Amino acid sequence: MSTEPEAAPIKLPTMAQVDTLDIVVLVLLLLGSVAYFTKGTYWGVPKDPYATSALNGSAAKKGSRNILEKMDESGKNCVIFYGSQTGTAEDYASRLAKEGHARFGLNTMTADLEDFDYENLDQFPEDKVAVFVMATYGEGEPTDNAVEFWEFINQDPPSFSENSDEKPLGNLKYVAFGLGNNTYEHYNSMVRNLDKILTKLGAKRIGAAGEGDDGAGTMEEDFLAWKEPMWAALAQEMGLEEREAIYEPVFSVEEREDLSPETDTVYLGEPNKNHLENSQKGPYNAHNPFIAPIAESRELFTVKDRNCLHCEIDVSGSGITYTTGDHIAVWPTNAGMEVDRLIKTFGLEEKRHRVISMKGIDPTAKVPFPTPTTYDAAIRYHMEICAPVSRQFMATLAAFAPNEEAKKELTRLGSDADYFKEKISSQMLNVAQAVSAVHPGPWSAVPFSCLVEGLNKLQPRYYSISSSSLVQPEKISITAVVESIRVPGAGHIVKGVTTNYLLALKQKQNGDPDPSPHGLTYAINGPRNKYDGIHVPVHVRHSNFKLPSNPSKPIIMVGPGTGVAPFRGFVQERAEQAKKGEDVGATVLFYGCRRQSEDWLYKDEWDEYKKALGDKLTIFNAFSREGPKKVYVQHLLKENGKFINELLQQKANFYVCGDAAHMAREVNEVLGQIIASERGVDEKKAEQVVKSMRSSGVYQEDVWS
């Protein structure tokens, strides 16, 4: 029953008394009454920017897809586009936008590449500049949010709106920085290829195209070293004058006395409005996780000082599908100890549960999480508080230091790369640890908006799915080593954010009422107990790491440690195909671990698969710490070079999963040596054969650094 007050009845005159003016007046009165009493129900409803986050990618975004129109409307002369998979490129784009405005007076905006169309890039004004911050993903591929842009710009020629010249982008001035990993063959291929394409189309690059290297661990310093000469070149090109940079907030933060954490419109960690209203619905993706039950979890190692988890995620009824070889993303929660540390360090203890609303001061700025929320919920569920702090952020925080001595120290840390490495980055300190090492605090002068801007958004972590979609289409297996790294010379242990969270869930599921892996506790039940019953937020990302479509084709798999995860799924699938009478080709696995009695993953399962596959399944095991000499998978590959070459000549696919920096690189080298030796060709020719295998998809990698 409605509680709205009723409208007073309107007495209508007889038709004889009505003329045209009377009718107009009466219609207006009726429309006015209807409008008044439906405000807030059918119109004038406040918009929640996270209400449509369940939709996929650009379909979830409202507003114009015309970037030039957007820049004109908001008075911008510099746009920083980003192609980002894990959030780092997006962070760099935000930092460039802030710095460009603060130091040089540029009117900047950041732009997700999937939010705009690019047919009118040929009309880009010559008095404006575009910056491209491009991460390379996998084997030289664009990030998920850059796929459509990449397909457009790689047309020959791109279908621009007006200009049919050979140099349609003659007016475009651009800056470029790439994020890559030198352990991959296609190192920074996105920024390199984009630079070539834009130049070919007539655009003018300002400064050098920068490249950051995650493989060498120098990404942050590469970025900082690149941007200074870039700013100098841009200032000269556009006639900019540098000014003293002072902190200007991107977001306003309002403490809401009219709301409490119990108010049902306050977000306490829910990722979007559907979750807030207990009505989660698909499609589930990087904007919208499925809160999935963990059907089963168990320990795979037999030693007490290390953990490796097997978890079964139940996605039945969600509409989520996967194919063997795909990845599952787990959305983590920060550990309570780290949440408490940051809250105490920055003087938020007394108001941690106070409700806040945040909005962009600039209309192009988007708050990275839904509000209204609380300080505690934002820090616990949305901010990457455990990551090593950046040198640039330390320099920003200097302005808010508790005293002059602390300010001087932070200024030095922010400006001296070697000193920062010695004191901060070598110990992998997060922001709260780093500033506390300078001064115990509290650092209560630091605006919360500054923390939100300076820390990345907490990102999902991706794991290779270790099950077959043919065998268990509604349950997804995860195989994950729990990260716990003792840093030499540091007084603390760096603990994996997501794997320790999963370990706590496993402990709870297996009977521990108060799990605290490695001394860490988590809000396991989630916001408003929505994860109660052992649930975890997930989504699936599709991968190109796939079995051949023809099961009779031979496959060679190299996967030490948890690198065996996708290959468990591969073998599981082929065993099922064999049971159904299909012709299955040679299935060869090179696996490695320390000791067969400690960390031989899925030891008992391989015999079961062998029963189904018979002599089609061959497993070579390298137990590195059982003999007088350490033996790794690459050694076993070399020992079995003749067998490997025979399979390759039978058109076998070759797969590698695991550590990119050492194992995968050495396997690549060994394969070249095998081809050279067995086929009697020189090493250069053998390297070309391996490259050809990669480019044709015969050689596939699913690796990490």
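The model shown is predicted, which means the values in this text are computed figures rather than measured ones.

A closer look at the pairing of strand β11 (residues 327-330)
In β11, alternate side chains face the same way, and those of His327 and Ala329 on one face and Ile328 and Val330 on the other are all buried. Pairing of β11 with strand β14 (residues 461-464), which is carried by 4 bridges, proceeds in the antiparallel orientation. Across the sheet, the residue bridging to Val330 is Arg461, located in β14.

Comments concerning the side chain of Ser543
Residue placement: Ser543 occurs in the loop between β18 (535-541) and β19 (555-558). Within the local environment of Ser543, its side chain forms a polar contact with the backbone nitrogen of Phe545, the two atoms lying 2.9 Å apart. Every residue in contact with Ser543, bar those within four places of it in the chain, is listed here: Gly325, Asp326 and His327.

Considering the sheet that holds strand β8 (residues 251-255)
Overall, antiparallel pairing links the 3 strands, which are arranged β8-β12-β13 in an open sheet. A single partner strand is all that each edge strand has here, and the edge strands are β8 and β13 (373-374). Looking at chain direction, strand β12 (residues 355-360) and β13 are connected through 2 bridges and run antiparallel. Note on β13: the bridge partner recorded for Val355 is Thr374.

Notes on the domain arrangement of the protein
Parsing the protein into structural domains produces domain 1 (67-238), domain 2 (251-263 + 335-454), domain 3 (294-332 + 460-541) and domain 4 (555-703). Each of domain 1 and domain 2 has a C-alpha centre, and the two are 28 Å apart. The partner domain 2 presents 8 residues to the 14 residues of domain 1 that form the contact. Roughly 820 Å² of surface becomes buried between domain 1 and domain 2 when both sides are summed, with 42% attributable to carbon and sulfur atoms. On inspection of domain 1 and its partner domain 2, the count reaches 3 salt bridges. Note that Lys98 is salt-bridged to Glu453, the shortest N-O span being 2.8 Å. At the surface where domain 1 touches domain 2, the tally comes to 5 residue pairs in polar contact (both at pLDDT 80 or more). Elements represented by at least two residues in the side of domain 1 that touches domain 2 include exactly α2 (67-74), α3 (88-104), β2 (108-112) and α6 (219-238). Residues belonging to the side of domain 1 that touches domain 2 are distributed by class as follows: 3 nonpolar, 2 polar and 9 charged.

Re the packing of aromatic side chains
Counted by the stated rule, this structure contains 25 aromatic pairs. Ring plane angle 70 degrees and centroid distance 5.7 Å describe the contact between Phe81 and Tyr118, whose orientation is recorded as edge-to-face. Placement of Phe81 in strand β1 (residues 78-83) and of Tyr118 in the loop between β2 and β3 (129-137) is noted, with a sequence separation of 37 residues between them. Under the relative-accessibility criterion, Phe81 is labelled buried at 0%. Relative to Tyr655, the ring of Phe545 lies with its centre 5.4 Å away and its plane at 75 degrees, an arrangement referred to as edge-to-face. You can see Phe545 sitting in the loop between β18 and β19 and its partner Tyr655 sitting in strand β22 (residues 653-659), a full 110 residues away along the chain. When sorted by exposure, Phe545 lands in the same class as Tyr655, which is buried. The structure contains a cluster of three or more aromatic residues connected by ring pairs, namely Phe81, Tyr118, Phe132 and Phe149. Looking at Arg412, its charged tip hangs above the ring of Tyr419, at a distance of 3.5 Å from the centre. When the ring centre of Tyr699 is taken as reference, the NZ or CZ atom of Arg694 above it lies at 4.3 Å.

Observations regarding the sheet that holds strand β20 (residues 587-593)
Across the sheet, 5 strands lie side by side as β21-β20-β19-β22-β23; this open sheet has parallel pairing. The outermost strands of the open sheet, each flanked by one partner alone, are β21 (617-623) and β23 (699-704). Averaged over neighbouring strand pairs, the angle between their axes works out to 10 degrees when direction is ignored. Relative to β20, β19 runs parallel, the two sharing 4 bridges. Bridged to Ile555 within β20 is Thr587. Across the sheet, helix α17 (residues 603-613) touches β20 and β21, and the angle it forms with β21 is around 155 degrees. Sitting on the sheet, helix α20 (residues 660-679) touches β19, β22 and β23, and the angle it makes with β22 is about 155 degrees.

Parameters at a glance
- Residues numbered from 1 in each chain as written.
- Predicted model: local features only at pLDDT ≥ 70, side-chain atom pairs only at ≥ 80, totals over all residues.
- Heavy atoms only, no water.
- Buried < 20%, exposed > 50% of the residue type's maximum accessible area, 1.4 Å probe, protein only.
- Helix = DSSP H or I, 4+ residues; strand = E, 2+ residues; numbered from the N terminus.
- Pairing = 2+ DSSP bridges.
- Polar contact = N/O pair within 3.5 Å; in protein donor to acceptor, adjacent residues only side chain to side chain.
- Contact = heavy atoms within 4.5 Å.
- Domains from an automatic or database assignment.
- Buried area = accessible area lost by both parts, 1.4 Å probe.
- Salt bridge = Lys/Arg side-chain N within 4 Å of Asp/Glu carboxyl O.
- Nonpolar A, V, L, I, M, F, W, Y, C, P; charged D, E, K, R; others polar.
- Phe/Tyr/Trp six-rings, centres within 6.5 Å; stacked < 30°, edge-to-face > 60°.
- Lys NZ or Arg CZ within 6 Å of the ring centre and 35° of its normal.
- Axes fitted to C-alpha atoms, helices over the stretch in contact; angles between N-to-C directions.

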